[in-house]
2 protein chains.
Amino acid sequence: MLRTHTCGELNISHLGQSVTLCGWVQKSRDLGGTTFIDVRDRYGLTQLVLNTDTDASLREKGRELGREFVIKVSGKVLERSNKNLKIPTGEVEIAVHELEILNAAKIPPFLIEDETDGGEELRAKYRYLDLRRNPIRNNLVLRHKMGQEVRKYLDALNFIEVETPVLIKSTPEGARDFVVPSRMNAGEFYALPQSPQTFKQLLMVSGFDRYFQIVKCFRDEDLRADRQPEFTQIDCELSFITQEDILNIFEGLTRHLFNTVKGIELGDFPRMQYADAMRLYGSDKPDVRFGMPFVELNDVVKGKNFSIFDNAELVVGINAKGCAEYTRKQIDELTEWLKRPQIGATGLIYCRYNTDGTLKSSVDKFYNEDELTNWAAAFEAEPGDLILILAGQTDKVRKQLNELRLEIGGRLGLRNKDTFAPLWVVDFPLLEWDEESGRYHAMHHPFTSPKPEDIAMLDTDPGNVRANAYDLVINGTEIGGGSIRIHEKGLQSLMFKHLGFSPEEAQKQFGFLLDAFEYGAPPHGGIAFGFDRLCSIFAGLDSIRDVIAFPKNNSGRDVMIDSPSTISDAQLKELSINTTV
Amino acid sequence: MLRTHTCGELNISHLGQSVTLCGWVQKSRDLGGTTFIDVRDRYGLTQLVLNTDTDASLREKGRELGREFVIKVSGKVLERSNKNLKIPTGEVEIAVHELEILNAAKIPPFLIEDETDGGEELRAKYRYLDLRRNPIRNNLVLRHKMGQEVRKYLDALNFIEVETPVLIKSTPEGARDFVVPSRMNAGEFYALPQSPQTFKQLLMVSGFDRYFQIVKCFRDEDLRADRQPEFTQIDCELSFITQEDILNIFEGLTRHLFNTVKGIELGDFPRMQYADAMRLYGSDKPDVRFGMPFVELNDVVKGKNFSIFDNAELVVGINAKGCAEYTRKQIDELTEWLKRPQIGATGLIYCRYNTDGTLKSSVDKFYNEDELTNWAAAFEAEPGDLILILAGQTDKVRKQLNELRLEIGGRLGLRNKDTFAPLWVVDFPLLEWDEESGRYHAMHHPFTSPKPEDIAMLDTDPGNVRANAYDLVINGTEIGGGSIRIHEKGLQSLMFKHLGFSPEEAQKQFGFLLDAFEYGAPPHGGIAFGFDRLCSIFAGLDSIRDVIAFPKNNSGRDVMIDSPSTISDAQLKELSINTTV
């Protein structure tokens, strides 16, 4: 080793020892005769003292140093007169007698400090410098620790990690595939996996019993803050289990992570049916750090000649506790915010429950105070509350009110990043209607089993067939989802039929799985966690970017290495492809 | 859980308990009135007893059962009269009172037994059935355990696992890249990484200090038994270290794996210079489970009018201990074997040291017994030994003799799969001459540092510049390799120049790394282990195929899922590419 210690470990117990440290110059202060330098590495920061009066060589080298120079110093550990008790090394300093510059550094394009002056683009281009900053590095250390703890927990429960292939086969179901032209099989392509779904099911057919993998997956979709073209899943599958077993085991995993990584003890996770989540929160991933459930008002408000309510499929609202003081201007702003195309509400109706006990609504023309008292009762509102109401087509109005609820929750400080509220959402629908293609799609994926009692409805009322499918939600973010799978060829073929596959297409795409189900497939099910999202929640971040060492931007580019890029004609020729640009 | 226990855990301590097991029917024997069934899962095998005389329902279901049916049985644990002490569950059996068929199974296309009757192609097509066989499954369980232990060891030494991107940039240096057309950046391509080399070096520039990753890598090369288009590396990098530190830390990792996974204590690993490995074994990855070093004979044999020796650049041989009894026919066969194009020797010269003390060579016309006595002395041969000699151009003849040494070692039983002989090969050349392109290539990769004392030779004698590069070899297989890297822009640019890059090309391909070296890059180095090969050595296998769950065949095809395959015109259009087939 070039060093005897790291920059984070020396303390009062090392006094008098001769040590050698290596690291980066964080800061240098020339006090005339004495130069103080803070040297930094991953482990911490140590103060160096150079007596430049008596040592000409130290003086010269000290003068050369700039921010981020890489140095190696030898010296003696002394007690500091001016202690810094905020850092573990703050009681000591090193009286340097030898200084070697291991590498010089140009002035970095932005400050390597916890709070930096670098903009997003600049930091992306010099990602290797941004990664030097404590907040970013700590995220990746956290991610490492989480990966280790996931493996410890699952290993102890007899899960074995099996690597599934990255070069697989393109399938039309689901999101868009990234593809890889095959040189040895001209005209043919591999696809990168969107998940190891079929492979982990085959491992169950193989009798692996309990599988997991922390694995890169790929989706060629348009990007946003919490999406990357490559992302990481904790992928799991188990045989001979029930949904209840899976919920318990992975609730256990989540609790284990919170406990070991963050020192937080979580209680039992509540469970909510999908239908209730939609009815009460307008979302299949409700943020249950706070209440503010939806109250449906059709019975209360209809038939009073207010056409907006009378013509609406659903009239539904929330009680913004303690918000009666909102000004007309604030409410108008909220209304405009709701009318933006991203949300698309047509208007907002409100009812103030003033602190003096009076009620005042934006529709006083249609509803008298007696009727408003009924509204307040429906919301269990108290003086000082503000009732906010939307009306319209059920699915749309629920989505809009979900946005409003989250916004109000945020404004009321009910969405604290240090509070963690997990929730299982269960009994998802099996299918969802897709307007564009004019057919049903699998809500989870085509391998999810319907509830046995609902199978008969596949022909008569497919949209209401429930699946043995579940999501784990934390603070309104879906961090995991899974299902009990189909393990019988007949049911799987029926499912493909309802998804619009001809028998020939089903055989061509998924014949290997249908065949496998004929050779003794056990009942099985599983779950996959979005590892990037899980890490970002643990790190208190909104975006997954900063829990990924080298993320891509919204155009799928790595601006640091400048990729993607053109390739040579020779490469194209070998791969038997042309570009059409 | 559908079961109370696995098929591998019941023993005499469970007598009298009511249990439920799930698993696959391994074997069923109807003894008339009683049916014995072996039920199997990943954990073991348990014997079931069905009293079909008294229970008509059991009788009927028992008759339906075939090999590989998936069943669930409930019953009571009884002591067996006829115990099988070879398996942990062999002292008990389950008196079944309830049998449920969870899934039927067609007769598998080959035997699901340790020794199967299935050919390679059939087993590849039904890989999910082949994976049911104990030897294959055990390999993957071993692999899981090795992965866990690698992570434990490195985590304890402050390494953190960082995921590097899979969608990166194509570079012309090294092997052929797999590429991925970018939909969002038409006409441009990502490449899949051949290794995370530049990213791990950037992590060192970022101050991560100690990085590792167990990571998939990709090379579009023609395949053979120990090559796959996608393979897995244990990839590591460290800052502020010397070569000596790296050898010690990863010798420690290897010892830890042998100790925890195989219960084998390995001593200190010997080290050998590359030049000595080539001189003594004709290989940079000598199998040192046995000796039989090369003996060079130029001084001993030249000048006796035997033109083959006189005209040869090198005359070199080995002493096949105790092989003097080889018949003329055996030696002729060996000669033919050496002359095959795969090896390409022109002939074999031998000298028998008979047990009666006489010496007899195939070139007695040129060498008398006194001279042969000198030969024998050079080989430290004893009566009963057989000296085998090749002559020719140094590089070629060393390669040929290496093959012969390994062959003889194998015949003499000196290459036992349960013996493990690790070896560090150090001081590799920096560059190697490539006939085809008429220029030097980096022997390890372009980021490897030359030995400082050899840098001056880059201009005058590039082929003899030594690198700070090292390989870990076990039993003649390279399982890891690495180097101390260049961390200065000037030296890296010089290296690119010697590899035939123009300054513009270097900047275009690797500008991000050259730039990074200007912002405070620490001295660093690392190593990568071939995880598939390491697992195959631990499993005692010659090929890496059976330590990979879903390998590809020699044409890069996955015959189970039938991939690669054609993709739709719509996909091609979206990606702005055409096929030219």
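Per an unreviewed UniProt entry, chain A is named Aspartate--tRNA ligase, and its organism is Mucilaginibacter gynuensis. Under the Subunit (unreviewed entry) heading, UniProt states for chain A: "Homodimer." Recorded in UniProt for chain A, the comment headed Subcellular location (unreviewed entry) runs: "Cytoplasm".

(A) Quick look at the overall build of chain A. In terms of regular secondary structure, chain A is built from 17 helices and 23 strands. Its C-alpha atoms give chain A principal-axis dimensions of about 95 × 75 × 50 Å. Classification of the 581 residues of chain A by burial places 57% in the buried group. Long-range contacts, defined here as pairs at least 24 residues apart, represent 65% of the contacts in chain A between residues at least 6 apart. Of the accessible surface of chain A, which amounts to about 23600 Å², a share of 47% is contributed by carbon and sulfur atoms. Taken together, the 69 basic and 87 acidic charged side chains of chain A have centroids lying 5 Å from each other.

(B) Summary view of the relation of the copies chain B and chain A. For these two chains of identical sequence, chain B goes onto chain A by a turn of 180° and a shift of 0.0 Å along the axis, with RMSD 0.1 Å. What we have between these two chains is a two-fold relation. A share of 100% of interface residues in chain B that are also interface residues in chain A marks the association as one of identical surfaces.

(C) View of the sheet that holds strand β5 (residues 92-103) of chain A. All names here are of chain A. If you trace the 5 strands once around the closed barrel, you get β1-β2-β3-β5-β4, paired in mixed fashion. Going across the sheet, the axis of each strand differs from the next one's by a mean of 55°, ignoring polarity. Pairing analysis gives 8 bridges linking strand β2 (residues 34-41) to strand β3 (residues 44-51), with the strands arranged antiparallel. Bridge pairing in β3 links I37 to L48. Across the sheet, helix α1 (residues 56-64) touches β3 and β5, and the angle it forms with β5 is around 70°.

(D) Structural context of the sheet that holds strand β5 (residues 92-103) of chain B. Residue and element names in this part refer to chain B. The 5 strands lie next to each other as β1-β2-β3-β5-β4, forming a closed barrel whose pairing is mixed. Averaged over all pairs of adjacent strands, the angle between their axes in this sheet comes to 55°, without regard to strand direction. On top of the sheet, helix α1 (residues 56-64) reaches β3 (44-51) and β5; it is set at about 65° to β5, its chief contact.

(E) Spatial organisation of the interface of chain B and chain A. Contacts between chain B and chain A engage 124 residues on the former and 124 residues on the latter. Carbon and sulfur atoms supply 58% of the area buried between chain B and chain A, which totals about 11200 Å² over both sides. Seen at the junction of chain B and chain A, the total is 16 salt bridges. Taking the shortest distance from any N to any O, the salt bridge between R183 of chain A and D222 of chain B comes out at 3.2 Å. At 8 residues, the largest contribution of residues to the side of chain B that touches chain A is made by helix α4 (residues 134-156) of chain B. Class assignment of the residues belonging to the side of chain B that touches chain A gives a composition of 65 nonpolar, 27 polar and 32 charged. Direction of pairing for strand β23 (residues 577-579) of chain A relative to strand β23 (residues 577-579) of chain B: antiparallel, over a ladder of 3 bridges.

(F) Here's a closer look at helix α14 (residues 489-498) of chain B. Residues and elements named next belong to chain B. Taken as a whole, α14 has its buried residues at L491, Q492, M495, F496 and H498. Considered in projection along α14, the buried side chains sweep an arc of 160° and stay on one side of the axis. Seen from the buried face of α14, the exposed residues on the opposite side, beyond 90 degrees, are G490 and K497. The inward-facing, buried residues of α14 abut β18 (431-434), β19 (439-442), α13 (457-460) and α15 (503-516). One or two positions beyond α14, positive phi appears at G500, with a value near 90°.

(G) Quick peek at the packing of helix α10 (residues 328-339) of chain B against helix α12 (residues 394-411) of chain B. Residues and elements named next belong to chain B. Packing of α10 against α12 brings their axes to within 11 Å, and their N-to-C directions diverge by 135°. Taken together, the axis directions place α10 and α12 in an arrangement best described as oblique. At the point where α10 passes α12, the crossing takes the right-handed sense. Contacts between α10 and α12 involve L334, W337 and L338 from the first element and Q400, E403, L404, E407, I408 and R411 from the second. Residues that form the contact of α10 with α12 fall into these classes: 5 nonpolar, 1 polar and 3 charged.

(H) Representation of the UniProt feature "binding site: ATP" (unreviewed entry) in chain A in the model. Residue and element names in this part refer to chain A. When the UniProt feature table is mapped onto this chain, "binding site: ATP" (unreviewed entry) is found at R219, D220, E221, Q228, E478, G530, F531, D532 and R533. Looking at the element boundaries, D532 is found in helix α16 (residues 531-538). Classification of D532 by relative accessible area gives buried; the value is 4%. Residues within four places of D532 in sequence aside, it is in contact with R143, F231, T232, I544, V547 and I548. Structurally, R533 can be placed in helix α16. Look at R533 and you get partly exposed, because its relative accessible area is 22%. If sequence neighbours within four positions are ignored, R533 has contacts with D226, T477, E478 and I544.

(I) Representation of the side chain of T46 of chain A. All names here are of chain A. Within the secondary structure, T46 is located in strand β3. At 2.7 Å, the side chain of T46 and the backbone oxygen of C7 are in polar contact. Among residues more than four places away in sequence, those in contact with T46 are C7, G8, L21, I37, D38, V39, T89 and I94.

(J) Representation of the pairing of strand β14 (residues 349-353) of chain A. All names here are of chain A. Counting buried residues along β14, 5 of its 5 residues qualify, which places the element largely inside the surrounding structure. Burial along β14 is two-sided: the face carrying I349, C351 and Y353 and the face carrying Y350 and R352 are both buried. As judged from the 4 bridges shared by β14 and strand β16 (residues 386-392), these two strands associate in the antiparallel manner. In the sheet register, R352 faces β16, and the bridge partner there is L386. Looking at chain direction, β14 and strand β15 (residues 359-361) are connected through 3 bridges and run antiparallel. Note that in β15 the partner of C351 across the bridge is S361. Hairpin connection of β14 to β15: 5 residues between the antiparallel strands, including G357 at a positive phi of 95°.

(K) Just the pattern of salt bridges, in detail. Per the stated rule, a full pass over the model turns up 88 salt bridges over all chains. The partner of E68 of chain B in a salt bridge is R40 of chain B, and the shortest N-O contact between them spans 3.0 Å. You can see E68 of chain B sitting in the loop between α1 and β4 (70-79) and its partner R40 of chain B sitting in strand β2 (residues 34-41), a full 28 residues away along the chain. As far as burial versus exposure is concerned, E68 of chain B and R40 of chain B are alike and both buried. Through salt bridges that share partners, R123, R127, D130, R133 and D546 of chain A make up one connected network.

(L) Region of interest: the pairing of strand β10 (residues 230-239) of chain B. Residues and elements named next belong to chain B. Most of β10 is tucked away, with 10 of its 10 residues classed as buried. Where strand β9 (residues 210-218) and β10 come together, 9 bridges link them in antiparallel fashion. Residue K216 lies in a different strand from β10, and its bridge partner there is T232. Where β10 and strand β22 (residues 524-530) come together, 7 bridges link them in antiparallel fashion. Following the sheet pairing, C236 is matched in β22 by I527.

What counts and how
Residues numbered from 1 in each chain as written. Chains lettered and ligands numbered in written order. Predicted model: local features only at pLDDT ≥ 70, side-chain atom pairs only at ≥ 80, totals over all residues. Heavy atoms only, no water. UniProt positions renumbered as here; feature names shortened; annotations may be inferred. Helix = DSSP H or I, 4+ residues; strand = E, 2+ residues; numbered from the N terminus. Buried < 20%, exposed > 50% of the residue type's maximum accessible area, 1.4 Å probe, protein only. Contact = heavy atoms within 4.5 Å. Areas by Shrake-Rupley, 256 points an atom, 1.4 Å probe, with all protein chains shown as cover. Lys, Arg positive; Asp, Glu negative; His and termini not counted. Charge placed at Lys NZ, Arg CZ, Asp CG, Glu CD. Least-squares fit on C-alpha atoms with pLDDT ≥ 70 in both. Pairing = 2+ DSSP bridges. Axes fitted to C-alpha atoms, helices over the stretch in contact; angles between N-to-C directions. Buried area = accessible area lost by both parts, 1.4 Å probe. Salt bridge = Lys/Arg side-chain N within 4 Å of Asp/Glu carboxyl O. Nonpolar A, V, L, I, M, F, W, Y, C, P; charged D, E, K, R; others polar. Arc of directions from axis to C-beta. Parallel < 35°, antiparallel > 145°, perpendicular 65-115°, else oblique. Left-handed = near helix turned anticlockwise from the far one by under 90°. Polar contact = N/O pair within 3.5 Å; in protein donor to acceptor, adjacent residues only side chain to side chain.

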